[in-house]
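Listed here are the chains, written in short residue letters.
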Amino acid sequence: MKIKYYLVENLMTADPDDYRAQITGYESVTEKEIIEYITRKGSSITPAAAKANYEEIIGAHEYFLQQGYGINTEFINVRPSVQGVFRNRDDRFDPARHKIRFRVSLGKRYNRTSDEVKTEKTEPVSNAPLPQSFEDITSATFNEAITPGGTATLSGVRLKFHQDDPKQGIFLVAADKTEVRVERILSHHAAQVVFLVPADLPADGYTLEVRMLPKGNKEIKRGILADKLTVNS
């Protein structure tokens with residue numbers, strides 16, 4: 001399977017000739033597909049054993065993180081960080097104002113894997129929305145965190161949609177395909193949407209989708225933010 005991409009104007013630089021790649025049409029797998037692959041035909045590992053070992057590995061990661069350790073393996077690197085503002089030099093960590101968050105990056109083995117991925121350049125769908133940058137105001141991060149009840153800004157191209165149509169708008173899609181639609185739009189333009197993140201958004205990782213119905217079309221068009229968003233609680 002090839003990773004398909006097309007080029008869009010790079011809004012992060014002042015050079016009008018700069019372009020960046022926008023990945024399109026990729027799919028994600030969950031623990032279910034991973035377990036099925038581990039126990040594929042010819043494997044000596046049973047589904048029960050695969051699930052048990054998978055849980056043990058996840059549990060070991062949780063244990064060391066709860067003890068305050070970072071994690072450095074061939075697969076992932078995790079380091080703790082503290083979010084929140086301290087009032088002065090003598091201020092101390094207050095759970096009501098500060099949070100521990102973990103920063104995750106891929107380890108060497110996964111990074112080597114990327115060298116083997118094949119790509120295919122395609123042409124963009126001209127009338128589809130193109131979300132490019134998500135800013136979570138509360139955590140002051142881009143394309144990373146999303147804070148329930150907080151304010152967020154989505155920038156891109158062709159972001160105009162009819163909010164009164166329940167099939168259109170900004171949707172947050174969880175790993176299990178559960179969808180949460182954004183209901184509170186504060187400012188709405190073709191290049192930028194400012195909105196309130198649903199306050200009851202469950203803790204999970206989310207794919208952000210913009211869905212709109214272009215004039216003269218009968219089919220909803222979708223645009224997907226390339227980066228996954230993790231709930232910042």
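In this text the structure is predicted, and so the values were computed from the model without any measurement.

Examining the pairing of strand 7 (residues 130-136)
- By the criterion of burial, strand 7 is predominantly enclosed, with six of the seven residues buried.
- With six bridges connecting them, strand 7 and strand 10 (residues 151-157) associate as antiparallel partners. Of the residues in strand 10, the one forming a bridge with Asp 136 is Ala 152.
- Across two bridges, strand 7 lies against strand 8 (residues 141-142) in antiparallel orientation. From the neighbouring strand, Asp 136 faces strand 8, where its bridge partner is Thr 141.

Examining the packing of aromatic side chains
- Enumeration over the complete set of coordinates arrives at four aromatic pairs.
- Judged by centre distance (5.7 Å) and plane angle (80 degrees), the rings of Phe 64 and Tyr 69 are edge-to-face.
- Feature note: the residues Tyr 63, Phe 64 and Tyr 69 constitute an aromatic cluster, connected by ring pairs.
- In this structure, Arg 40 is placed above the aromatic ring of Tyr 37, and the distance from its NZ or CZ to the ring centre is 4.1 Å.

A short note on the pairing of strand 14 (residues 192-196)
- Bridging between strand 10 and strand 14 involves five bridges; their strand directions are antiparallel. Note that in strand 14 the partner of Ala 152 across the bridge is Phe 195.
- As defined by bridge partners, strand 13 (residues 184-188) adjoins strand 14 across four bridges and the pair is classed as antiparallel. Its bridge partner lying in strand 14, Arg 184 is registered against Leu 196.
- As consecutive antiparallel partners, strand 13 and strand 14 are separated by three residues.

Here is what the cut-offs are and how they apply
- Residues numbered from 1 in each chain as written.
- Predicted model: local features only at pLDDT ≥ 70, side-chain atom pairs only at ≥ 80, totals over all residues.
- Heavy atoms only, no water.
- Buried < 20%, exposed > 50% of the residue type's maximum accessible area, 1.4 Å probe, protein only.
- Helix = DSSP H or I, 4+ residues; strand = E, 2+ residues; numbered from the N terminus.
- Pairing = 2+ DSSP bridges.
- Phe/Tyr/Trp six-rings, centres within 6.5 Å; stacked < 30°, edge-to-face > 60°.
- Lys NZ or Arg CZ within 6 Å of the ring centre and 35° of its normal.

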